[in-house]
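Geometric and topological summary
Chain by chain, the residues:
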Amino acid sequence: MTYLKVLGKILFGIGSAITMYLVVVAIWASLSVSHLLPDASTGTELPLLTHEQKTILLKVEDPTFYDHAGLDISEGQGLTTITSSLARNIFLSGHKLSGIKGAFESFYHGVFECCKKIDLGRDVMALVLNGNLSKDHQLNLFVSSSYMGGNKGAQLQGLAAAANSYFEKPLSSLSDVEFITLVAMIKSPNYFHPSKGSEQLKTRVSNIKKILSGACKPSGWLDTSYEHCARNT
């Protein structure tokens, strides 16, 4: 048997194993989503953001959010969409399942901890979640559950809590610059922090402003930092 044939068999075996794994993930997610969503989907369906705030958030976090099925490779999208971020939280941080669903939940936790940077299971879960939860509800969950760093001794969950803590205002009352500041923090709230990371936060806010105005564009799919925009005047 030649070297190429051996290599071909190995690659075929790896590909078959990955395909089987993703099929199992899809089946598990489809069977489990109805048990996990009741906890995750509580709350109002009313929009939590103003129209202007929604436009800003989606331009930065997920430009084709209302058009894709949970995954996207548009310029500036990066490795995650709003849907895939939610899928990670719902399927990995939801309540403990029992029986076979619980066994696979534990197994997937182990896979994710081992291989989170290359695991495609979350992408399959995003497709399943997108088929079971409306886009507006997904957006509300993202807005209300995003980690926004710590301030005044409290860990902040959601943009509304962040607005009250950092700006002492309701979310709907923030100026555009203040809201852009919160959006800038989502990428890494402890690094882009108003007090502990004020300089890098200021730079990121400036870069996002240029993206929003059209003065600068993402330099590719993985570009979510917009660092090159700092050189644009």
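Let me begin by describing the structure that accompanies this report. (Residues numbered from 1 in each chain as written. Predicted model: local features only at pLDDT ≥ 70, side-chain atom pairs only at ≥ 80, totals over all residues. Heavy atoms only, no water.)

Each helix and strand in the protein chain was counted, giving nine helices and two strands. Starting at the N terminus and walking to the C terminus, you meet the elements of the protein chain as α-α-α-α-α-α-β-β-α-α-α. The principal-axis extent of the C-alpha atoms belonging to the protein chain is close to 65 × 45 × 35 Å. The buried share of the protein chain, taken over its 233 residues, is 44%. Contacts in the protein chain between residues at least 24 apart in sequence constitute 56% of all its contacts with a sequence separation of at least 6. Carbon and sulfur atoms make up 61% of the accessible area of the protein chain, which amounts to about 12,500 Å² in all. (Helix = DSSP H or I, 4+ residues; strand = E, 2+ residues; numbered from the N terminus. Buried < 20%, exposed > 50% of the residue type's maximum accessible area, 1.4 Å probe, protein only. Contact = heavy atoms within 4.5 Å. Areas by Shrake-Rupley, 256 points an atom, 1.4 Å probe, with all protein chains shown as cover.)

A full pass over the atoms with the stated rule returns one disulfide. At a sulfur-sulfur separation of 2.1 Å, the disulfide partner of Cys 216 is Cys 229. On the sign convention where negative means left-handed, the S-S torsion of about -85 degrees between Cys 216 and Cys 229 marks this disulfide as left-handed. One end of the pair, Cys 216, is in the segment after helix H9 (198-213); the other, Cys 229, is in the segment after H9, and 13 residues separate them in sequence. Comparing Cys 216 with Cys 229, the two get one shared label, buried. (Disulfide = S-S within 2.5 Å.)

Here we take up the nonpolar core. By size, the foremost hydrophobic cluster in this structure holds 57 residues, and its most contacted members are Leu 57, Phe 91, Leu 171, Phe 179 and Leu 182. If one sorts the elements of this core by residue count, helix H1 (residues 3-40) sits on top with eight residues. Beyond its immediate sequence surroundings of up to four residues, Leu 171 is in contact with Leu 48, Leu 49, Gln 53, Val 143, Leu 159, Ala 160, Ala 163, Phe 179 and Leu 182. (Core = buried A, V, L, I, M, F, W, Y, C linked by side-chain atoms within 4.5 Å.)

Summarising the element assignment, Leu 159 is placed in helix H7 (residues 159-167). Leu 159 sits in the buried class, given a relative accessible area of 1%. Along the chain, Leu 159 and Leu 182 lie 23 residues apart, while their C-alpha atoms are 7.1 Å from each other. Sequence-distant contacts of Leu 159, that is, excluding residues within four places in its chain, are made with Val 143, Ser 146, Met 148, Leu 171, Phe 179, Leu 182 and Ile 186.

A few words now on the side chain of Asp 72. Structurally, the position occupied by Asp 72 is in the loop between helix H2 (51-61) and helix H3 (82-93). Nearest to the buried, unbridged Asp 72 among oppositely charged side chains is Lys 135, at 9.4 Å. Separated by 2.7 Å, the side chains of Asp 72 and Thr 64 make a polar contact. Looking at Asp 72, its side chain comes within polar contact range of the side chain of Ser 74, at 2.7 Å. (Lys, Arg positive; Asp, Glu negative; His and termini not counted. Salt bridge = Lys/Arg side-chain N within 4 Å of Asp/Glu carboxyl O. Polar contact = N/O pair within 3.5 Å; in protein donor to acceptor, adjacent residues only side chain to side chain.)

As judged from the three bridges shared by strand S1 (residues 147-151) and strand S2 (residues 154-157), these two strands associate in the antiparallel manner. The residue of S2 that forms the bridge with Asn 151 is Ala 154. The turn linking S1 back onto S2 is made up of two residues, and Lys 152 within it adopts a positive phi angle of 55 degrees. (Pairing = 2+ DSSP bridges.)

Another aspect to go through is unusual backbone geometry. Despite not being glycine, Lys 152 shows a phi value in the positive range, around 55 degrees. For Lys 152, the position within the fold is in the loop between S1 and S2. On the basis of relative accessibility, which here comes to 62%, the residue Lys 152 falls in the exposed class. Its identity is not glycine, yet Glu 168 carries a phi of approximately 55 degrees, on the positive side. In this fold, Glu 168 is placed in the loop between H7 and helix H8 (176-186). A relative accessible area of 61% means that Glu 168 is categorised as exposed.

Read these as geometric descriptors, not functional statements.
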